[in-house]
Amino acid sequence: MARFPVPQLICLGALAALACGEADDAAAPQTAPQAVVEAPRARGLWVLCQGSQRVLDHPDRIPHLIETARALGATDLFVQVYRGGRAWFDSTAADAAPYRAVLAATGSDPLIDLIAQAHAANLRVHGWVNALSLSTNRDAPIVRDLGRQAVIVDRFGRSVLDYPNLDVPQPDRKLARMGTPAVWLDPAAPGVAERLALTFGELVDRYPELDGVHLDYIRYPDVLPFVPGSRFGVGLDFGYGETTRARFKLETGLVGPIGDSLGNANRWDDWRRDQLTALVETVRFAVRSANPDVELSAAVWSWADRAYLSLGQDWRRWLEDDLLDFAVPMAYTLDDRVLRYQAENFANLPTADRIWIGLGTWLFARNPERALVQIDIVEGAGSAGDSLFSYDSIADSPALLAALRLRPDPASEGETAPGVSSLE
């Protein structure tokens with residue numbers, strides 16, 4: 001495996017601008033105007049590692065995944081290969097027990113097989129990784145190696161490791177709940193960014209045919225109700241570990257808020273937000289060091305302002321600063337009007353051509369036509385692409401699969417798209 005340095009904070013240099021001389025209009029040859037070729041719309045498909053299908057655990061199921069993806073008009077597969085600190089790929093930095101079990105049973109690397117079959121069908125493959133959530137795995141290698149300080153701590157000094165069932169303890173539980181109960185890593189804790197970058201860089205290094213790395217849970221924990229920053233002194237938020245607060249003081253000369261204190265709250269919120277951005281930057285450096293052509297994307301919260309204020313996730317900046325090649329806001333909703341509002345907003349952003357809208361198609365397993373309505377909404381808003389969550393839910397619902405299959409062009413008199421089988 002290639003080894004490379006991964007500094008705590010990496011400032012990516014701006015690309016040098018190319019100087020362009022002005023052409024002499026009088027001397028320029030006259031040519032016919034060129035037709036503008038519109039880029040095809042992208043469609044992602046999320047494939048769970050521990051869902052109902054478990055394709056990487058059962059490589060014989062890969063052909064059906066490919067066939068289904070083509071029928072759905074997918075262009076890209078987000079294949080989950082890292083969850084809860086466990087790896088479904090050849091790794092030394094993570095717990096690779098799932099990978100080793102399949103390798104021992106089949107004699108082949110399922111991720112290599114999946115990538116090869118996907119590429120043969122003109123599908124791109126991105127390694128989908130859960131970055132800061134370790135699910136319920138309190139004994140993940142990163143926690144064993146870095147210690148408790150790597151795990152997130154709330155405003156009142158309590159580690160989520162001590163939360164009962166990984167949810168907010170009483171009496172606070174009467175007023176607040178974890179949106180996603182899990183063992184969460186602190187992006188600002190010593191060693192966390194470097195270890196995640198090493199893990200994801202290792203993924204790219206060992207699978208050079210991989211098209212991208214897709215970050216998920218690249219944020220602070222979500223709590224209900226939402227807290228719009230620490231400056232109001234209400235609710236519950238995270239990132240207050242002792243070593244993290246010491247680092248804040250060392251870098252800024254300030255003492256951050258804790259408990260009921262509101263000291264330097266705005267600066268503290270900005271700093272924590274910067275730690276997530278630095279993590280994305282560090283991961284990008286690592287994966288691009290392993291393969292300069294690999295793309296980095298992220299599944300992000302569709303409520304961008306809430307993501308910025310409550311979760312430290314400034315994904316619009318990540319696009320603007322080219323830290324991400326594209327983002328997939330997860331607009332999972334039953335409310336079509338809300339979806340339209342969000343889709344129209346995304347379409348008017350300067351980075352609209354790099355935003356794919358994530359759709360919660362699993363919500364409509366019992367009413368598949370509603371899934372088509374939502375696809376029409378995001379297409380009508382002019383989105384660059386969409387992504388369906390998830391392959392597992394679609395494969396489990398024949399009616400949903402039938403509804404989502406590519407609809408024939410009326411001009412084709414019922415012919416299916418090239419390479420798309422009936423799946424019947």
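Above this text is the structure in question.
Residues numbered from 1 in each chain as written. Predicted model: local features only at pLDDT ≥ 70, side-chain atom pairs only at ≥ 80, totals over all residues. Heavy atoms only, no water.

Trainee: Can you help me understand empty space enclosed by the protein in this one?
Mentor: It is a probe the size of a water molecule, rolled over the atoms, that shows where empty space is left. Taken as a whole and assessed by the stated rule, the structure comprises five cavities of 30 Å³ or more. In this model, the largest cavity occupies a volume close to 120 Å³. If you trace the largest cavity, you find 14 residues lining it, with Arg272, Leu309, Ser310, Leu311 and Gly312 closest to the centre. Residue assignment for the lining of the largest cavity shows that the elements contributing at least two residues are α7 (265-290) and α8 (304-310). Of the voids in this model, the second largest cavity is the one considered here, and its volume is about 70 Å³. (1 Å grid on protein atoms, 1.4 Å probe; cavity = no way out; pocket = protein on both sides within 12 Å on 5 of 7 lines; lining within 4 Å. Points joined across faces, edges and corners; volume = space filled by probe spheres on them. Helix = DSSP H or I, 4+ residues; strand = E, 2+ residues; numbered from the N terminus.)

Trainee: Even after reading the chapter, I still don't get helix α3 (residues 110-120), so can you show me in this structure?
Mentor: Side chains that are three or four residues apart share a direction in an α-helix, a result of its 3.6 residues per turn. Taken as a whole, α3 has its buried residues at Pro110, Leu111, Leu114, Ile115 and Ala118. Along the axis of α3, the buried positions cluster into a sector of 135°, meaning they face one direction only. Of the surrounding secondary structure, the elements contacted by the buried residues of α3 are α1 (62-71), β2 (76-83), α2 (97-106), β4 (124-130) and α5 (192-206). By the N-cap criterion, in which a side-chain oxygen at the helix start approaches the backbone nitrogen of a residue two or three places on, α3 is capped by aspartate 109, the distance to leucine 111 being 3.0 Å. Asparagine 122 sits one or two positions beyond α3 and adopts a positive phi of about 60°. (Buried < 20%, exposed > 50% of the residue type's maximum accessible area, 1.4 Å probe, protein only. Arc of directions from axis to C-beta. Contact = heavy atoms within 4.5 Å. Polar contact = N/O pair within 3.5 Å; in protein donor to acceptor, adjacent residues only side chain to side chain.)

Trainee: Help me understand the packing of aromatic side chains in this model?
Mentor: Each aromatic ring pair is described using two quantities: the centre-to-centre distance and the angle formed by the ring planes. One pass over the structure, following the stated rule, counts 20 aromatic pairs. Ring centres of tyrosine 82 and phenylalanine 200 lie 5.5 Å apart, and the angle between their planes is 80°; this geometry places the pair in the edge-to-face category. Here the residue tyrosine 82 occupies a position in strand β2, and phenylalanine 200 occupies one in helix α5, the gap between them amounting to 118 residues. Note on tryptophan 315 and phenylalanine 346: the rings are 5.9 Å apart at their centroids and 65° apart in plane angle, and the pair reads as edge-to-face. Taken as a pair, tryptophan 315 in helix α9 (residues 315-320) and phenylalanine 346 in helix α10 (residues 336-347) lie far apart in primary sequence, 31 residues in all. Judged on exposure class, the residue tryptophan 315 and its partner phenylalanine 346 are both buried. Three or more aromatic residues link up through ring pairs in this structure, and these residues are Trp46, Phe78, Trp128, Phe326, Tyr332, Trp356, Trp362 and Phe389. We note arginine 272 situated over the ring of tyrosine 220; from NZ or CZ to the ring centre the distance is 5.8 Å. (Phe/Tyr/Trp six-rings, centres within 6.5 Å; stacked < 30°, edge-to-face > 60°. Lys NZ or Arg CZ within 6 Å of the ring centre and 35° of its normal.)

Trainee: Mind showing me how you'd approach the pairing of strand β10 (residues 356-359) here?
Mentor: Residues in a regular strand point their side chains to alternate faces of the sheet. Going residue by residue along β10, you find Trp356 and Gly358 tucked away on one face and Ile357 and Leu359 tucked away on the opposite face as well. Sheet topology places β10 next to strand β11 (residues 385-388); four bridges connect them, and they run parallel. Considered in β11, the bridge of leucine 359 is made with leucine 388. Taking the sense of rotation as the criterion, the β-α-β connection linking β10, helix α11 (residues 368-380) and β11 turns out right-handed. (Pairing = 2+ DSSP bridges. Right-handed = clockwise from strand over helix to strand, strands pointing away.)

Trainee: Where do I start with the environment of leucine 161 in this structure?
Mentor: You can see leucine 161 is positioned in the loop between α4 (141-146) and β5 (177-178). In the structure, leucine 161 is positioned 23 residues away from arginine 138 in sequence and 7.2 Å away in space, judged by C-alpha atoms. Sequence-distant contacts of leucine 161, defined by excluding residues within four places in its chain, comprise Arg138, Arg148, Val151 and Val183.

Trainee: Would you take a moment to explain the layout of surface pockets for this structure?
Mentor: Of the pockets and cavities examined, the largest pocket occupies roughly 630 Å³. The wall of the largest pocket is formed by 30 residues, among which Asp216, Tyr217, Arg219, Met330 and Tyr332 lie closest to the centre. The element contributing the most residues to the lining of the largest pocket is strand β8 (residues 295-301), with three residues. Taken together, the residues of the lining of the largest pocket sort by class into 16 nonpolar, ten polar and four charged. (Nonpolar A, V, L, I, M, F, W, Y, C, P; charged D, E, K, R; others polar.)

Trainee: Before we go on, may I ask you to explain the side chain of serine 393 in this structure?
Mentor: Take serine 393: it is sitting in helix α12 (residues 391-395). With a relative accessible area of 17%, serine 393 lands in the buried category. Those residues in contact with serine 393 that lie beyond four places of it in its chain are Trp362 and Leu400.

Trainee: Explanation requested: a nonpolar patch on the surface in the structure shown.
Mentor: Taken together, the side chains of Leu334, Trp362 and Leu363 make up a nonpolar region of the molecular surface, amounting to roughly 270 Å² of accessible area. Looking at the secondary structure, you find tryptophan 362 in the loop between β10 and α11. (Patch = residues over 30% accessible without salt bridge, like charges linked within 9 Å, V, L, I, M, F, W, Y side chains within 5 Å. Areas by Shrake-Rupley, 256 points an atom, 1.4 Å probe, with all protein chains shown as cover. Salt bridge = Lys/Arg side-chain N within 4 Å of Asp/Glu carboxyl O.)

Trainee: Please explain the packing of α10 against α11 as it appears in this structure.
Mentor: The axes of two packed helices give the description: the angle between them and the distance between them. One can describe the packing of α10 onto α11 by two numbers: an axis separation of 9 Å at closest approach and a directional angle of 25°. Put simply, α10 runs roughly parallel to α11. Handedness of the crossing formed by α10 with α11: right-handed. Between α10 and α11, the contacting residues are Asp336, Leu339, Arg340 and Ala343 on the first element and Arg370, Val373, Gln374, Ile377 and Val378 on the second. Residue classes in the contact of α10 with α11 are distributed as five nonpolar, one polar and three charged. (Axes fitted to C-alpha atoms, helices over the stretch in contact; angles between N-to-C directions. Parallel < 35°, antiparallel > 145°, perpendicular 65-115°, else oblique. Left-handed = near helix turned anticlockwise from the far one by under 90°.)

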